[in-house]
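Architecture at a glance
The primary structure of each chain is shown beneath.
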Amino acid sequence: MLKVLFFARVKEELDCPALDLPWSESIASVERLQAQLCESGGQRWQEVLSQPNMVRAVNQTVVSGDAPLCDGDEVAFFPPVTGG
Amino acid sequence: MAMKWHFSHRLLVVELNAAPALTVSVQEADFDVAALQRQLITGTGQEGAVVTFTGHVRKVGTDQPVDSMLLEHYPGMTENSITDILRQASARWPLLAASVVHRVGRLQAGDQIVWVGVTSAHREAAFNACEFVMDYLKNEAPFWKKEQGPRGGQWVEARHEDRQRAARWDSDATK
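Residues numbered from 1 in each chain as written. Chains lettered and ligands numbered in written order. Predicted model: local features only at pLDDT ≥ 70, side-chain atom pairs only at ≥ 80, totals over all residues. Heavy atoms only, no water.

What follows covers the sheet that holds strand β8 (residues 152-155) of chain B. For sheets, the rule is that strands pair by backbone hydrogen bonds, running either parallel or antiparallel. Residues and elements named next belong to chain B. Read from one edge to the other, the open sheet built from four strands follows the order β5-β3-β7-β8, with strand pairing classed as antiparallel. One side of each edge strand has no neighbouring strand; the edge strands of this open sheet are β5 (105-108) and β8. Each strand axis lies, on average, 25° off the axis of its neighbour in the sheet, ignoring direction. (Pairing = 2+ DSSP bridges. Helix = DSSP H or I, 4+ residues; strand = E, 2+ residues; numbered from the N terminus. Axes fitted to C-alpha atoms, helices over the stretch in contact; angles between N-to-C directions.)

What follows is the structure, encoded as structure tokens:
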């Protein structure tokens, strides 16, 4: 199982806070997971997840570029942070 | 006499090498800055400098007046991210204690939103560490602000200036 979380504007635009996806080799990297989410979610998901400033985190650590995923990982998609 | 000095010197080194107390709280409740500052003080008399920063919700938003603000965060990652920033600060400067309190949920204009407190033997380390923690927090800790005003809700965009402020700590001049 892969836990996928969305925050802030991304969560609102997708109207989805979280997903649980059954594990498979077809989602064994962040890029592959994102491609699968875009494919199954349609144009809306493709537009939102392909925004150029999208931040991606694996197990609560921000990753740049692609990153391998394992069964049980937690992946999050969110916009640049604005706290403080 | 020489023996006595040697003993005191060793004791001092042990105390300075002790890990600083690092605390992080992400909470909905408001906070009392005077109470937080008192909690920073160890009671050992080592503190020569206490530097604190308090951030408030401004009434003037990005492009509309702000009535209230919604603070969203990524539970777990937020606390870990701020703890990591405090560890980086304490590796960089000789700190005695460092603490961050950050509020989440619905806040009103004028409300306190974030507090950073740092203690050190000398002011330079405390000033620098406090600013470093805020600069990094604004760029790395997963919080998002949504301003609520007359024209409805609007997510705050990340600012290039904030990234530049954090990046300047990478230069040798500030190490």
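The next subject is the interface of chain A and chain B. Contacts between the two partners involve 18 residues from chain A, matched on the other side by 25 residues from chain B. Of the roughly 1800 Å² buried at the junction of chain A and chain B (both faces included), carbon and sulfur atoms supply 55%. Counting across the interface, chain A meets chain B through three salt bridges. Residues Glu72 of chain B and Lys11 of chain A are paired through a salt bridge, measuring 3.2 Å at the closest nitrogen-oxygen approach. In this structure, the connection of chain A to chain B is made through 14 residue pairs in polar contact (both at pLDDT 80 or more). Listing elements by their share of the side of chain A that touches chain B, those giving two or more residues are α1 (8-14) and β5 (74-78) of chain A. Broken down by element, the residue count for the side of chain A that touches chain B peaks at four residues, all from α1 of chain A. Taken together, the residues that form the side of chain A that touches chain B break down as 10 nonpolar, four polar and four charged. (Contact = heavy atoms within 4.5 Å. Buried area = accessible area lost by both parts, 1.4 Å probe. Salt bridge = Lys/Arg side-chain N within 4 Å of Asp/Glu carboxyl O. Polar contact = N/O pair within 3.5 Å; in protein donor to acceptor, adjacent residues only side chain to side chain. Nonpolar A, V, L, I, M, F, W, Y, C, P; charged D, E, K, R; others polar.)

Residue and element names in this part refer to chain B. Where strand β7 (residues 143-149) lies against β8, four bridges are found, and the strand directions are antiparallel. The residue of β8 that forms the bridge with Gly149 is Gly152. Remark: two residues form the turn of the hairpin made by β7 and β8, two consecutive strands paired antiparallel.

Once that is clear, we can look at the side chain of Glu47 of chain B. All names here are of chain B. Relative to the elements of secondary structure, Glu47 occurs in the loop between α2 (33-40) and β2 (49-56). A polar side-chain atom of Glu47 sits 2.7 Å from a polar atom in the side chain of Thr42. Each residue touching Glu47, except ones within four places of it in the same chain, is listed here: Leu40, Ile41, Thr42, Leu96, Thr119 and Ser120.

What follows deals with unusual backbone geometry. All names here are of chain A. Its identity is not glycine, yet Ala8 carries a phi of approximately 55°, on the positive side. Looking at the element boundaries, Ala8 is found in helix α1. Despite not being glycine, Gln60 has its phi angle at roughly 70°, a positive value. Here Gln60 is to be found in the loop between β3 (55-58) and β4 (61-63).

This part takes up the nonpolar core. One finds Ile82, Trp93, Val118, Phe132 and Val133 of chain B to be the most contacted residues of the largest nonpolar core, which totals 34 residues. When contributions to this core are tallied by element, the ones reaching two or more residues are β2, β3 (68-73), α3 (77-92), β4 (95-103), β6 (112-120) and α4 (123-140) of chain B. Ranked by residue count, the leading element in this core is α4 of chain B, at nine residues. Ignoring any residue separated from it by four or fewer positions in sequence, one finds Val118 of chain B in contact with Leu40, Ala49, Val50, Val51, Leu95, Ala97, Ala98, Ala126, Ala129 and Cys130 of chain B. Counting 21 residues, the second largest nonpolar core, distinct from the first, contains Val10, Val48, Val58 and Leu69 of chain A. (Core = buried A, V, L, I, M, F, W, Y, C linked by side-chain atoms within 4.5 Å. Buried < 20%, exposed > 50% of the residue type's maximum accessible area, 1.4 Å probe, protein only.)

Let us look at the sheet that holds β2 of chain B. All names here are of chain B. Reading across the sheet, the four strands line up as β1-β4-β6-β2 and stay open at both edges, with mixed pairing between neighbours. A strand with exactly one partner marks an edge of an open sheet, and here the two such strands are β1 (21-27) and β2. Looking at each pair of strands side by side, their axes are set apart by 5° on average, direction ignored. In terms of strand pairing, β1 meets β4 through seven bridges, oriented parallel.

A few words on the pairing of β4 of chain B. All names here are of chain B. When you tally the buried positions in β4, you get nine out of nine residues, the bulk of the element. As judged from the seven bridges shared by β4 and β6, these two strands associate in the antiparallel manner. Looking at the pairing, Ala97 lines up with Thr119 of β6.

Within this model, the largest pocket holds a volume of roughly 760 Å³. Contributing to the lining of the largest pocket are 35 residues, with Thr82 and Gly83 of chain A together with Lys138, Lys145 and Asp162 of chain B lying nearest its centre. Contributions of two or more residues to the lining of the largest pocket are made by β2, β6, α4, β7 and α5 (160-167) of chain B. Take the lining of the largest pocket: its biggest share by element is five residues, from α4 of chain B. Looking at the lining of the largest pocket residue by residue, the classes come out as 18 nonpolar, eight polar and nine charged. (1 Å grid on protein atoms, 1.4 Å probe; cavity = no way out; pocket = protein on both sides within 12 Å on 5 of 7 lines; lining within 4 Å. Points joined across faces, edges and corners; volume = space filled by probe spheres on them.)

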